[in-house]
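# Topology and contacts: notes
So you can see what is in the structure, the chains are spelled out below.
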Amino acid sequence: MTDKRFPSPFEIETPEGAEGWEELYPYSVLFSEGRREYEDSTFWFMDSMHWGWAMSPWDADHLMYAIASLSQYNSRHYLIPPANGIDFRILNGYPYFSPVTIDDGATIEARAPQFMERAGHYFANWDDLYESWLDKVKENIAALESIDFSPLPETEDMEVITSGRGVGSGWDLQAEYHRFQDLAQKIWQYHFEFLNLGYAAYLDFFGFCKEAFPSIPDLAVAKMVAGIEVDLFRPNEELKKLAQKAIDLGVADAFAKHDDVDAVHAALSGEAGQQWLAAWEEVAEPWFNFSSGTGFYYYDKTWMQDRSVPYSFVHDYITKLQAGEDISRPMEAIRAERDRIVEEYSEFLASDEDREAFQGKLGLARTVFPYVENHNFYIEHWSMSVFWKKSRELGSMLVKEGFFVEPDDIYFVRREEMDTLLFDLYTAWAVGANPAGPHHWPPIIAKRRKIVDALEASKQPNALGPPPAVVTEPFTIMLWGITEDSIDGWLSTDSDDGSVSGMAASPGTAEGPARIVQSADDIGQVQEGEILVAPITAPSWAPVFSKIKATVTDIGGLMSHAAIVCREYGVPAVTGTGDATTAIQTGDMIRVDGNTGKVTKI
């Protein structure tokens, strides 16, 4: 481990124009003098994978719900032996995480049997519990859909009187807001019910392989669980079917101007076009509740909200199909390679007992793998898209009441401030007088919008504080790709030739021009044969994986979405480079070695 360290969080300056940014977030998530000794001696890394852009107050709420829930399952439910939760802070609008490692051997030993009992129950009943999980998540989504943010009535209905209900619409509105936030937090409780165990099972299999086969590459272990069907790929598969249907119906030319949705719909006005649109509607709910971004930001649009993104993918698939190309995933080849590797390494084991243990851990890793990807659709896309839709309904109601200028203003009022705002609205309605909010909130929101813009334009460090001696928290390793080696790499002086290194995440090598994609807004610029270089990738970008040669990301481990989807699409990938989007420019000719984790300019 190097002697170098990252900057102290107390050394980082506020970007010009962002003075007062702290008021956007609760005091508990800020670096503070009271905790300075701990915070200044702790390693923090930025989670640019999920929150790589400056957060509004409501964006930050989901960060807090998520990481508290993740930590709860580590530390209080399953008692993962070497790790508690992940501590988190917000600095200049960006999230910084610190895994809380347990280094006391006695504590680890005491937690091990408890973990085995608790996790063992889930592993032994995985399929039944997963079916139950799907029902719970769908019920939560339905409950979110049922939230009613109607304006307060001029007069209560007579039924309120005759039923002797005893409470009115003002109470209902406040109760609905509380129910809304409770359901939002429940999204994240469900999110981590299985995910921590999924990573733990894979990490256990990974550790077994590393001990049994000391020279085995990380990538070979990952390939042993590849080739499994998951729901997360379903939206992309539905687009492929729609592309074929457009050809079959003779309306493929309608997608020539795919960026202009109105033009596409005008071209689909005939009978055949209407059949194609009907086919879209049949699958849109729920599969196109698919965010073009991470789904964690209020401004991320789903495929149903902005069809220009999926229509461009349909156009690309139509072009490939008309050229006679096979657009299906190479599942047969991936599974053949997977089985070859498993058989090869099984032969290295000394006894039948070892082979039985190997097959048991491999089987469990494959059992949990679908959830590791599927939760992404059900939680981060479907659930979150409904949450953002209902919050915009509340914002629209408050525009009509004069509190806001536009519906999105709601995202700049903190969660607990919204309680005060709604009570202001309620009391003014009850009293029959004017609320204070219409004069109070607009200037505050205008100021906060400028602060977030200034934070968004700033560049914040990848990490803070001293590097840790060891990293044991499963998410930190498998999802974010934060290891002792990757941290050393971040601290090392950049190479003069602009090359970067990261995790060998998907095998193969490729050469081609780089395309920097900072967000979903840039995805349409990706050309056939380019190499995608991005801070992260989103599941909804799946269609571009059939047109690129390789992928490079700033952050991400072997179980990050970029790594998994590249293995499934047979595309070389290097993840967790730290700064590829800074070191590489669009148009640079680069070589990606997905076997070694090296990216070089050529």
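Scroll up to find the structure.
Description of the structure in this document. (Residues numbered from 1 in each chain as written. Predicted model: local features only at pLDDT ≥ 70, side-chain atom pairs only at ≥ 80, totals over all residues. Heavy atoms only, no water.)

## Brief notes about the overall build of the chain
- If you tally the helices and strands in the chain, you get 19 helices and twelve strands.
- By the compact-globule yardstick of 25 Å for 602 residues, the chain fits well, its C-alpha radius of gyration being 25 Å.
- Expressed along its principal axes, the backbone C-alpha trace of the chain runs to roughly 80 × 70 × 50 Å.
- Across the 602 residues in the chain, those meeting the buried criterion constitute 56%.
- Once local pairs closer than 6 in sequence are excluded, the contacts in the chain between residues at least 24 apart make up 73%. (Helix = DSSP H or I, 4+ residues; strand = E, 2+ residues; numbered from the N terminus. Rg over C-alpha atoms; globule rule 2.2 N^0.38 Å. Buried < 20%, exposed > 50% of the residue type's maximum accessible area, 1.4 Å probe, protein only. Contact = heavy atoms within 4.5 Å.)

## Focus on the packing of aromatic side chains
- For the structure on display, the rule yields 56 aromatic pairs.
- Judged by centre distance (5.9 Å) and plane angle (45 degrees), the rings of Phe6 and Phe43 are tilted. With Phe6 in the segment before helix H1 (36-40) and Phe43 in the loop between H1 and strand E1 (44-46), the pair connects residues that are 37 residues apart, well separated along the chain. The pair formed by Phe6 and Phe43 is uniform in burial state, with each residue classed as buried.
- Seen in terms of ring centroids, Tyr78 and Tyr122 are 5.6 Å apart; in terms of plane orientation they differ by 75 degrees. Their pairing is edge-to-face. Of the two residues, Tyr78 sits in the loop between helix H2 (57-77) and strand E2 (83-91) while Tyr122 sits in helix H3 (residues 105-124), which places them 44 residues apart along the sequence.
- For Tyr78, a relative accessible area of 3% gives the class buried. (Phe/Tyr/Trp six-rings, centres within 6.5 Å; stacked < 30°, edge-to-face > 60°.)

## Structural notes on the sheet that holds strand E3 (residues 94-101)
- Here we have four strands laid out as an open sheet, ordered E2-E3-E1-E4, and antiparallel in their pairing. The open sheet is flanked by E2 and strand E4 (463-464), the only strands paired with a single partner.
- With seven bridges joining them, E2 and E3 adopt antiparallel strand pairing. Each residue of the ladder has a partner; that of Arg89, found in E3, is Tyr96.
- H2 contacts E2 and E3 of the sheet and is inclined by roughly 165 degrees relative to E2. (Pairing = 2+ DSSP bridges. Axes fitted to C-alpha atoms, helices over the stretch in contact; angles between N-to-C directions.)

## Details of the pattern of salt bridges
- Considering all chains together, one arrives at 34 salt bridges under this definition.
- Residue Lys223 is joined to Glu337 by a salt bridge in which the shortest nitrogen-to-oxygen separation is 3.2 Å. Residue Lys223 is located in helix H7 (residues 218-223), and its partner Glu337 is located in helix H12 (residues 331-346); the two are separated by 114 residues in the primary sequence.
- Under the relative-accessibility criterion, Lys223 is labelled buried at 16%.
- Among the salt bridges present, the one from Arg591 reaches Glu511, with a minimum N-O distance of 3.4 Å. Note that Arg591 is positioned in strand E11 (residues 589-593) and Glu511 in strand E7 (residues 509-516), a separation of 80 residues in sequence.
- Judged by its relative accessible area of 41%, Glu511 is partly exposed.
- What you see here is one network of salt bridges that share partners, running through Glu23, Glu417, Lys447 and Arg448. (Salt bridge = Lys/Arg side-chain N within 4 Å of Asp/Glu carboxyl O.)

## Concerning the environment of Asn595
- You can see Asn595 is positioned in the loop between E11 and strand E12 (598-601).
- For the pair Asn595 and Met46, spaced 549 residues apart in sequence, the C-alpha to C-alpha distance is 26 Å.
- Among all residues touching Asn595, those that are not within four sequence positions of it are Leu219, Ala504, Pro507, Gly508 and Thr509.
- Reaching out from Asn595, the side chain makes a polar contact with the backbone nitrogen of Gly508 at a distance of 3.2 Å. (Polar contact = N/O pair within 3.5 Å; in protein donor to acceptor, adjacent residues only side chain to side chain.)

## Some words on the nonpolar core
- Ranked by internal contacts, the top residues of the largest apolar core, which has 187 residues, are Trp276 and Trp480.
- When residues in this core are grouped by element, the largest group, 20 residues, is from helix H6 (residues 169-212).
- The contact partners of Trp276, leaving out residues within four places of it in the chain, are Leu242, Lys245, Ala246, Leu249, Val251, Phe255, Leu268, Tyr311 and Val314.
- Residues Ala514, Ile516, Val533 and Ile584 belong to the second largest nonpolar core, which totals 14 residues. (Core = buried A, V, L, I, M, F, W, Y, C linked by side-chain atoms within 4.5 Å.)

## What about the side chain of Ser291?
- Structurally, Ser291 is set in the loop between helix H10 (271-287) and helix H11 (308-322).
- A distance of 3.0 Å separates a polar atom in the side chain of Ser291 from the backbone nitrogen of Gly293.
- At a separation of 3.4 Å, a polar atom in the side chain of Ser291 contacts the main-chain amide nitrogen of Gly295.
- Setting aside residues no more than four positions away along its own chain, Ser291 makes contact with Asp300, Lys301, Thr302, His381 and Ser540.

## Structural notes on the sheet that holds E7
- In space, the eight strands of this open sheet follow the order E5-E12-E11-E7-E8-E9-E10-E6, with mixed pairing throughout. Both outer strands of the open sheet, strand E5 (500-501) and strand E6 (503-506), are each paired with one neighbouring strand and no more.
- With two bridges joining them, E5 and E12 adopt antiparallel strand pairing. Paired with Ser501 across the strands is Lys598, a residue of E12.

## Let's talk about the packing of H6 against helix H13 (residues 352-400)
- Taken N-terminus to C-terminus, the directions of H6 and H13 make an angle of 160 degrees; their axes are 8 Å apart at the nearest point. In terms of axis orientation, H6 runs roughly antiparallel to H13. Relative to H13, H6 is oriented so that their crossing is left-handed.
- Residues of the contact of H6 with H13, tallied by class, amount to 28 nonpolar, five polar and five charged. (Parallel < 35°, antiparallel > 145°, perpendicular 65-115°, else oblique. Left-handed = near helix turned anticlockwise from the far one by under 90°. Nonpolar A, V, L, I, M, F, W, Y, C, P; charged D, E, K, R; others polar.)

## A closer look at helix H15 (residues 437-456)
- Between its first and last C-alpha atoms H15 spans 27 Å; for 20 residues at 1.5 Å apiece the expected length is 28 Å, and the two agree.
- Along H15, the residues classified as buried are Gly437, Trp441, Ile445, Arg448, Ile451, Val452, Ala454 and Leu455.
- Those residues of H15 hidden inside the fold are in contact with E3 and helix H14 (415-431). (Expected span 1.5 Å × (residues − 1).)

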